[in-house]
There are 2 protein chains.
Amino acid sequence: MKEINPKIRIKDIAILAGVSEGTVDRVLHERGDVSAKSLEAVNKVLDEIDYTPNLLARSLASKKQYRFVCLFPAHQNADYWHSVDNGFTQAAREFTHYNVHIEKRYFNQYDVFSFVEVSNAVFEQKPDAVFIAPIFRNETLELCEKLTREDIPFSFIDSLIEEVNFLTYYGQNSFQSGYIAAKLSLSSLSDHAQVLIVRTQRKGAVSNQTLNRYNGFMQFINDNHLAGHLELSSVEIKDNDELANKESIRNIFESNNNIKTVITFNSRVHQLAKHLEELNLTDAKLIGYDLLEQNVAYLKKGAISFLIAQRPENQSYFTVRDMCRELIFKEKITKVNYVPIDILIKENIEYYLEMK
Amino acid sequence: MKEINPKIRIKDIAILAGVSEGTVDRVLHERGDVSAKSLEAVNKVLDEIDYTPNLLARSLASKKQYRFVCLFPAHQNADYWHSVDNGFTQAAREFTHYNVHIEKRYFNQYDVFSFVEVSNAVFEQKPDAVFIAPIFRNETLELCEKLTREDIPFSFIDSLIEEVNFLTYYGQNSFQSGYIAAKLSLSSLSDHAQVLIVRTQRKGAVSNQTLNRYNGFMQFINDNHLAGHLELSSVEIKDNDELANKESIRNIFESNNNIKTVITFNSRVHQLAKHLEELNLTDAKLIGYDLLEQNVAYLKKGAISFLIAQRPENQSYFTVRDMCRELIFKEKITKVNYVPIDILIKENIEYYLEMK
DNA sequence: TTTACTTTCGTGTGCGGACACGGACGTTAA
DNA sequence: TTAACGTCCGTGTCCGCACACGAAAGTAAA
């Protein structure tokens with residue numbers, strides 16, 4: 001039952017070191033204008049006593065205002081980016097008292113030019129920090145270089161670009177999540193079961209998340225020598241042509257009548273569920289990604305067996321929090337942060353959704 | 001790009017309402033000593049303007065100190081309660097600036113008297129809030145009634161007792177988690193597979209968590225009409241007699257040579273893993289609960305197939321945070337909070353552990 | 001020795017709000 | 001009319017810290 005925190009204030013340090021409070025302040029903030037002698041005296045005291053500045057008082061007294069800008073895809077209700085947005089909102093509320101102002105800037109994730117335009121505007125503002133969803137690799141790189149030149153810190157969410165010096169990354173280890181998808185969907189299959197992989201063509205440069213997932217998936221098959229025991233087939237569907245897609249599905253199921261598992265590595269699994277339902281093909285297990293409202297609905301109905309999810313709100317919230325810790329609280333933070341890979345089934349989805 | 005928070009201070013309200021700052025303060029804190037006229041004037045302004053008090057300044061200026069006491073089982077390294085402990089520690093660090101002081105009080109979870117003793121001591125201190133792990137039902141009830149009489153708020157973690165008026169509960173929906181365990185372990189079994197349920201006798205009153213899990217497990221069997229297709233057997237093992245336990249396991253495996261699945265509803269699954277390993281019985285899938293270090297080790301080795309986990313740190317952290325929100329920030333909070341049910345396998349455990 | 005800088009230091013004010021104290025004003029009873 | 005008391009209100013101080021400004025001390029040039 002020891003007493004923590006004997007409450008040491010700058011005033012106390014000043015007395016202990018035999019200098020004025022102003023001097024202590026200068027040492028703490030490395031403002032200069034301190035003689036070697038005082039510097040040493042203060043540092044000595046600081047070493048002995050473990051002084052924790054009162055962050056409340058600090059923020060209250062500080063006149064510095066922080067402007068953070070978030071740069072990520074525009075979105076509809078209840079999709080992945082919407083959750084990310086919520087995380088930013090939550091952070092905004094929490095950190096407003098610390099003089100940080102958060103501004104969201106959206107771009108069209110299917111249009112490079114929209115990204116370039118918005119990112120230029122962001123840069124012109126000279127914010128104190130930027131959070132980026134690096135959908136477009138090259139254009140993001142350009143932005144990052146400009147930011148680096150101006151000493152403006154930035155962080156990534158969702159995906160990351162290794163070549164630049166970001167502050168933090170929050171996202172999924174997509175390779176692993178593909179590996180897990182394979183484990184969940186393949187491990188109880190009998191010999192010669194057919195597995196269908198559905199891939200979506202997307203125009204424009206995109207993140208390599210889905211590719212990594214695919215690679216992870218294949219790695220599991222390799223590791224467990226399943227290649228000879230399973231019949232893998234794969235089909236490409238369109239970005240926006242539901243009818244054609246449905247037809248593709250129908251065809252592939254006609255020519256393969258033992259498909260036990262259908263997997264897609266993006267969040268559009270609800271479209272597949274819809275097609276399979278309409279085509280009366282409800283035998284196969286369906287696996288997909290992310291907690292879209294529609295996906296959740298099909299999961300609850302039993303049409304989707306597994307959803308693999310991350311926690312988008314956390315990604316955005318944590319990245320803002322870490323930026324504050326870096327800039328304001330001067331704390332140690334870790335650069336790359338993998339968000340947990342959540343396995344969701346009908347039975348645990350309720351409790352998952354209840355968490356903020 | 002709207003500007004949030006036009007920064008309104010008490011001073012502004014005073015001017016707008018044509019009264020002094022002291023009067024505004026009295027209205028805000030319902031300190032009385034305010035004429036009907038001033039009261040109305042201030043309330044009018046407060047209605048129009050949406051004033052958010054600066055919590056930093058508030059805590060800084062407030063002389064009120066909060067003393068929170070946490071009452072939960074003593075523990076060794078790396079077990080469930082250790083994580084809970086960490087959550088409290090984290091909360092302690094974070095809220096110390098808000099004048100809250102957190103004190104931990106441990107009791108022996110196998111000894112009612114130890115609980116009574118500690119809980120009496122806690123009550124004598126007249127703390128500002130108490131957090132309780134209600135291992136012993138009746139004795140906890142007594143404490144709660146005394147606390148209620150003194151208007152001391154309290155919250156539950158891990159389990160809850162409905163009859164008393166607690167502030168929050170954070171914990172798992174154990175029935176559901178048993179249901180999920182069944183789904184994971186039973187759904188890919190072939191007909192007439194044998195399933196072994198391992199139960200642990202414990203002396204003293206205990207929480208009904210494991211019972212609920214068991215019930216959830218059986219419910220899944222019912223819902224899916226598996227009773228006829230599976231052979232369930234069950235064995236009781238001792239709390240503390242490893243040798244006898246090993247022997248029991250050996251016996252049951254001798255008389256049942258088609259056991260495909262072994263499940264236990266508590267966190268001691270690592271002991272089972274050890275026995276099975278030593279007995280060279282590595283064919284069956286093993287399922288258990290909670291992220292003990294030893295469990296994790298066996299999960300990584302492949303000896304345990306699934307671990308079902310909650311997030312103990314979160315339980316304790318959130319419950320403290322909510323108490324602060326209630327007492328200090330006067331925010332709305334929800335009473336019963338089910339923590340997500342996490343499904344852990346070899347492949348996602350790494351990323352789970354990385355989260356704080 | 002005086003003047004002009006430069007380096008170092010101390011103090012005062014304010015951030016937004018809590019709280020105490022004492023003062024102004026009104027009411028009642030002597 | 002005045003003493004005695006209650007109601008209502010304004011102001012000042014402090015919380016722990018940041019930051020600016022000006023003073024003091026030291027140094028170099030004239």
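Scroll up to find the structure this text is about.
Report follows, based on the coordinates. Predicted, not measured: the structure shown is a model, and the values here were computed from it.

### Considerations on the protein's contact with DNA strand D
Not every one of the 23 residues close to DNA strand D is listed here, only the nearest: Arg58(A), Ser20(B), Arg26(B), Ser35(B) and Ser38(B). Near-protein atoms of DNA strand D (within 4 Å) split between backbone and bases, with sugar and phosphate holding 70%. Arg31(A) is positioned such that a nitrogen or oxygen atom in its side chain is 2.8 Å from a phosphate oxygen of DNA strand D. One of the side-chain N or O atoms of Ser38(B) is found 2.4 Å from a phosphate oxygen in DNA strand D. Secondary structure elements with two or more residues in the surface near DNA strand D: α2 (21-29) and α4 (55-61) of chain A together with α2 (21-28) and α4 (55-61) of chain B. Class assignment of the residues belonging to the surface near DNA strand D gives a composition of nine nonpolar, eight polar and six charged.

### Some words on the relation of the copies chain A and chain B
Superposing chain A onto chain B takes a rotation of 179° plus a shift of 0.2 Å along the axis, which leaves an RMSD of 0.3 Å. Taken together, the rotation angle and the small translation identify this as a two-fold axis. Judged by C-alpha distance, Leu56(A) is the residue of chain A that lies nearest the rotation axis, at 2.5 Å. Most of the interface of chain A is mirrored in chain B, where 97% of its interface residues are also at the interface.

### Overview of the nonpolar core
The tendency in soluble globular proteins is for nonpolar side chains to be buried side by side. One finds Phe68(A) and Phe68(B) to be the most contacted residues of the largest nonpolar core, which totals 107 residues. Core analysis: the next-biggest nonpolar cluster, separate from the first, contains 48 residues, Leu186(A), Tyr289(A), Ile180(B) and Phe265(B) among them.

### Some points on the environment of Gly178(B)
Residues and elements named next belong to chain B. Along the chain, the position of Gly178 falls in helix α8 (residues 174-186). Assessed through its relative accessible area of 0%, Gly178 is described here as buried. As for Gly178 and Ile13, which are separated by 165 residues in sequence, their C-alpha atoms are 55 Å apart. Not counting chain neighbours up to four residues away, the residues in contact with Gly178 comprise Arg213, Gly216, Phe217 and Tyr289.

Rules behind the numbers
Residues numbered from 1 in each chain as written. Chains lettered and ligands numbered in written order. Predicted model: local features only at pLDDT ≥ 70, side-chain atom pairs only at ≥ 80, totals over all residues. Heavy atoms only, no water. Near = heavy atom within 4 Å. Polar contact = N/O pair within 3.5 Å; in protein donor to acceptor, adjacent residues only side chain to side chain. Helix = DSSP H or I, 4+ residues; strand = E, 2+ residues; numbered from the N terminus. Nonpolar A, V, L, I, M, F, W, Y, C, P; charged D, E, K, R; others polar. Least-squares fit on C-alpha atoms with pLDDT ≥ 70 in both. Contact = heavy atoms within 4.5 Å. Core = buried A, V, L, I, M, F, W, Y, C linked by side-chain atoms within 4.5 Å. Buried < 20%, exposed > 50% of the residue type's maximum accessible area, 1.4 Å probe, protein only.

All we've got here are geometric facts, nothing functional implied.
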